[in-house]
Amino acid sequence: MNSALAEELLGRRLIVCAGGGGVGKTTLSAALALFLARRGRRVLVVTIDPARRLAEALGVAPEGNRIVEATRTSAGGVLEAMMLDCRLTFDESLARHARSKEEFERVRTSHLYEHVATALSRTHEYMALEKLHELHHDGTYDHIVLDTPPTRDALGFLDAPQRMLDFCNERIFRWFVPEDEGSRLLRFGRERALWLLGRVVDQGNLGPIAEFLGALAGLFGGFRERVRDVQATLRQDGTTFILIASPGRSSMHEALYFGRKMRDYGLRHRHLLVNRVFDYPFSERPLPPLEALFSQTLGLGAARAGRLITACEKTHQRLADLARRDAEQLAALASALPDTMQLTSIPQLDLEPVELDAVGTLTDFLFGTIPGPGEEP
Ligand SMILES: Nc1ncnc2c1ncn2[C@@H]1O[C@H](COP(=O)(O)OP(=O)(O)OP(=O)(O)O)[C@@H](O)[C@H]1O
Ligand SMILES: [Mg+2]
């Protein structure tokens, strides 16, 4: 039983699983959420995984921000799942922040909106955080587990709110704040921007474009506050980041770097899970006498028995080497990790955990009775 990890999860309302591409964020988000549901908690796991692996793993097909029940546990817990629709989240978010319904409608019905919304809703990272914030304040769930999107750069996720803020603060939007709200300087900027726009856009289109940008700028006013709220939610004590890595030098270096950045950002991170660790419990044991098995019990000729014995020895050696390599890398990582962080290794399963039962096996490894890599049964 990994009691430190269990305690951390049970004590936090927002749990963000973060790490590099393909390390097992989606799978482990489901496994951690399942643990909480087994403890009788009401849990929502949120993913924006375009590969739909979480849906697969949970055996549900959530889409369009719809929340679907994945399982109920005997302890009275519930595990629900949501596949985040970034575009829908963007539309909902703008609608919420519009000062008036008319303002939002004016923006939404513009043919320019389609381009801007499509481009911005691609900021998956921010949209995920935005939804998380909303669900968190809604209070329906004891815990929300967020599976972070595959990013080229895992840090992109942490920077997302700031990038969104920078975007909202862009001068082009400030120029177009509605006239009655702008300072003299901004009004001057607006006139100049319109003049510039007028040189490239014919006069017939100028009005609608300026109006669109003006209304959009108004919407971003509310958005800015929201981004700051999102940033605050991530930093609060009830939020924790679970770092995930796979064995292998580059993934582990990335995890250490990611941990340092989290410290700089003031984000709580106490656990690093190293997933898909190769375990071979017979590494240190010699093979049993195979000669007797092949020639006497199975009655094979000396030549065939000899070939089989060589193949068995090679395989044994290879598996032992792989397990040793992972164990050495884990030891190196453990010694480089700050004292505030705990490392947990999770074994490579024989079968891919693509359904709830298999995800449950990982939960058992983490919190149940199944021994982890390198542990005695
Ligand atoms: N412990 C494990 N044993 C065996 N297979 C695993 C294990 N953990 C994850 N996998 C498999 O590894 C693959 C990647 O896992 P997963 O999709 O959870 O990673 P991810 O970090 O979410 O990836 P991405 O960055 O693309 O979103 C999947 O095919 C999954 O089934
Ligand atoms: Mg994923």
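Residues numbered from 1 in each chain as written. Chains lettered and ligands numbered in written order. Predicted model: local features only at pLDDT ≥ 70, side-chain atom pairs only at ≥ 80, totals over all residues. Heavy atoms only, no water.

1. Describing the site of ligand 1
Inference 1: Neighbouring residues of ligand 1: 17 residues in total, closest Lys25, Thr26, Thr27, Arg53 and Arg276.
Inference 2: In the environment of ligand 1, an oxygen atom lies 2.7 Å from a nitrogen or oxygen atom belonging to the side chain of Arg276.
Inference 3: Looking at the shell around ligand 1, the elements with two or more residues in it are helix 2 (25–38) and strand 7 (269–277).
Inference 4: Per element, the largest residue contribution to the shell around ligand 1 is 3 residues, and it comes from helix 2.
Inference 5: Its residues assigned to classes, the shell around ligand 1 comprises 6 nonpolar, 7 polar and 4 charged. (Near = heavy atom within 4 Å. Polar contact = N/O pair within 3.5 Å; in protein donor to acceptor, adjacent residues only side chain to side chain. Helix = DSSP H or I, 4+ residues; strand = E, 2+ residues; numbered from the N terminus. Nonpolar A, V, L, I, M, F, W, Y, C, P; charged D, E, K, R; others polar.)

2. Here's the deal with the packing of aromatic side chains
Inference 1: Per the counting criterion, the structure on display carries 2 aromatic pairs.
Inference 2: Taken together, a centroid distance of 5.6 Å and an interplanar angle of 80° make the contact between Tyr280 and Phe282 edge-to-face. (Phe/Tyr/Trp six-rings, centres within 6.5 Å; stacked < 30°, edge-to-face > 60°.)

3. Here's the deal with the environment of Leu290
Inference 1: Among the secondary structure elements, Leu290 is positioned in helix 13 (residues 290–297).
Inference 2: Once residues within four sequence positions are removed from consideration, Leu290 is found in contact with Ile309 and Cys312. (Contact = heavy atoms within 4.5 Å.)

4. Looking at the pairing of strand 7
Inference 1: Counting buried residues along strand 7, 7 of its 9 residues qualify, which places the element largely inside the surrounding structure.
Inference 2: Across 5 bridges, strand 6 (residues 239–245) lies against strand 7 in parallel orientation. Directly across from Ile244, in strand 7, lies its bridge partner Leu273.
Inference 3: Since strand 6 and strand 7 lie parallel, the crossover through helix 12 (residues 249–265) that links them has a hand, and here it is right-handed.
Inference 4: Sheet topology note: the strand 7/strand 8 (residues 342–347) ladder contains 5 bridges and is parallel. Of the residues in strand 8, the one forming a bridge with Leu272 is Leu343. (Buried < 20%, exposed > 50% of the residue type's maximum accessible area, 1.4 Å probe, protein only. Pairing = 2+ DSSP bridges. Right-handed = clockwise from strand over helix to strand, strands pointing away.)

5. Description of the pairing of strand 6
Inference 1: By the criterion of burial, strand 6 is predominantly enclosed, with 7 of the 7 residues buried.
Inference 2: On strand 6, burial covers both faces: Thr239, Phe241, Leu243 and Ala245 on one face and Thr240, Ile242 and Ile244 on the other are all buried.

6. A look at the side chain of Asn275
Inference 1: If you trace the backbone, Asn275 turns up in strand 7.
Inference 2: Looking at Asn275, the relative accessible area reads 5%, which means it is buried.
Inference 3: A polar atom in the side chain of Asn275 sits 3.1 Å from the backbone oxygen of Val23.
Inference 4: Each residue touching Asn275, except ones within four places of it in the same chain, is listed here: Val23, Gly24, Leu28, Ile244, Ala245, Ser246, Pro247, Ile346 and Pro347.

7. Quick look at the nonpolar core
Inference 1: Counting residues in hydrophobic clusters, the biggest one holds 46 residues, and the most contacted among them are Val46, Leu84, Leu132, Ile144 and Leu272.
Inference 2: Broken down by element, this core gets its largest block of residues, 6 residues, from helix 7 (residues 124–138).
Inference 3: Contacts of Leu132, omitting those with residues within four sequence positions, involve Leu14, Val16, Ile144, Leu146 and Leu234. (Core = buried A, V, L, I, M, F, W, Y, C linked by side-chain atoms within 4.5 Å.)

8. A few points about the sheet that holds strand 3 (residues 67–72)
Two orientations exist for strands paired in a sheet by backbone hydrogen bonds: parallel and antiparallel.
Inference 1: Strand order in this open sheet of 8 strands is 3-4-2-5-1-6-7-8, and the pairing throughout is mixed. Of all strands in the sheet, those bounded by a partner on one side alone are strand 3 and strand 8. Direction aside, the axes of adjacent strands within the sheet are offset by 25° on average.
Inference 2: Looking at chain direction, strand 2 (residues 42–47) and strand 4 (residues 78–83) are connected through 6 bridges and run parallel. What sits directly across from Val45, in strand 4, is Ala81.
Inference 3: Across the sheet, helix 2 is in contact with strand 1 (14–19), strand 2, strand 3, strand 4, strand 5 (143–147), strand 6, strand 7 and strand 8; its angle to strand 5 comes to roughly 170°. (Axes fitted to C-alpha atoms, helices over the stretch in contact; angles between N-to-C directions.)

9. Some remarks on helix 5 (residues 101–108)
Given 3.6 residues per turn, any residue in an α-helix points the same way as the ones three and four places further on.
Inference 1: For helix 5, every residue scored as buried is listed here: Glu103, Phe104 and Val107. Buried residues along helix 5 cover an arc of 95° about the axis, so they all sit on one side. Along helix 5, exposed side chains directed more than 90 degrees from the buried face belong to Lys101 and Glu102. (Arc of directions from axis to C-beta.)

10. Some remarks on unusual backbone geometry
Inference 1: The phi torsion at Arg276 lies on the positive side, around 65°, for a residue other than glycine.
Inference 2: With respect to the helices, strands and loops of the structure, Arg276 is situated in strand 7.

11. A look at the pattern of salt bridges
Inference 1: Enumeration according to the criterion identifies 12 salt bridges in this entry.
Inference 2: Two residues, Glu69 and Arg72, come together in a salt bridge whose shortest N-O distance is 3.1 Å.
Inference 3: The class for Glu69 is partly exposed, based on a relative accessible area of 36%.
Inference 4: Here the salt bridges do not stand alone but share partners, grouping Glu8, Arg12, Asp237 and Arg268 into one network. (Salt bridge = Lys/Arg side-chain N within 4 Å of Asp/Glu carboxyl O.)

12. A word on the packing of helix 2 against helix 15 (residues 356–367)
Inference 1: At a closest axis distance of 8 Å, the pairing of helix 2 and helix 15 adopts a crossing angle of 70°. Relative to helix 15, the element helix 2 is oriented roughly perpendicular. Every residue of helix 15 that contacts helix 2 at Thr27, Leu28, Ala30, Ala31, Leu32, Leu34, Phe35 and Arg38 is listed here: Leu356, Val359, Gly360, Leu362, Thr363, Asp364, Leu366 and Phe367. (Parallel < 35°, antiparallel > 145°, perpendicular 65-115°, else oblique.)

13. Concerning the confidence of the model for the protein
Inference 1: For the protein, the average pLDDT comes to 81, and 77% of its residues sit at 70 or higher.
Inference 2: Per-residue pLDDT, averaged within each element of the protein, yields its smallest value for helix 9 (residues 171–175) (58) and its largest for strand 7 (96). (pLDDT = per-residue confidence, 0-100.)

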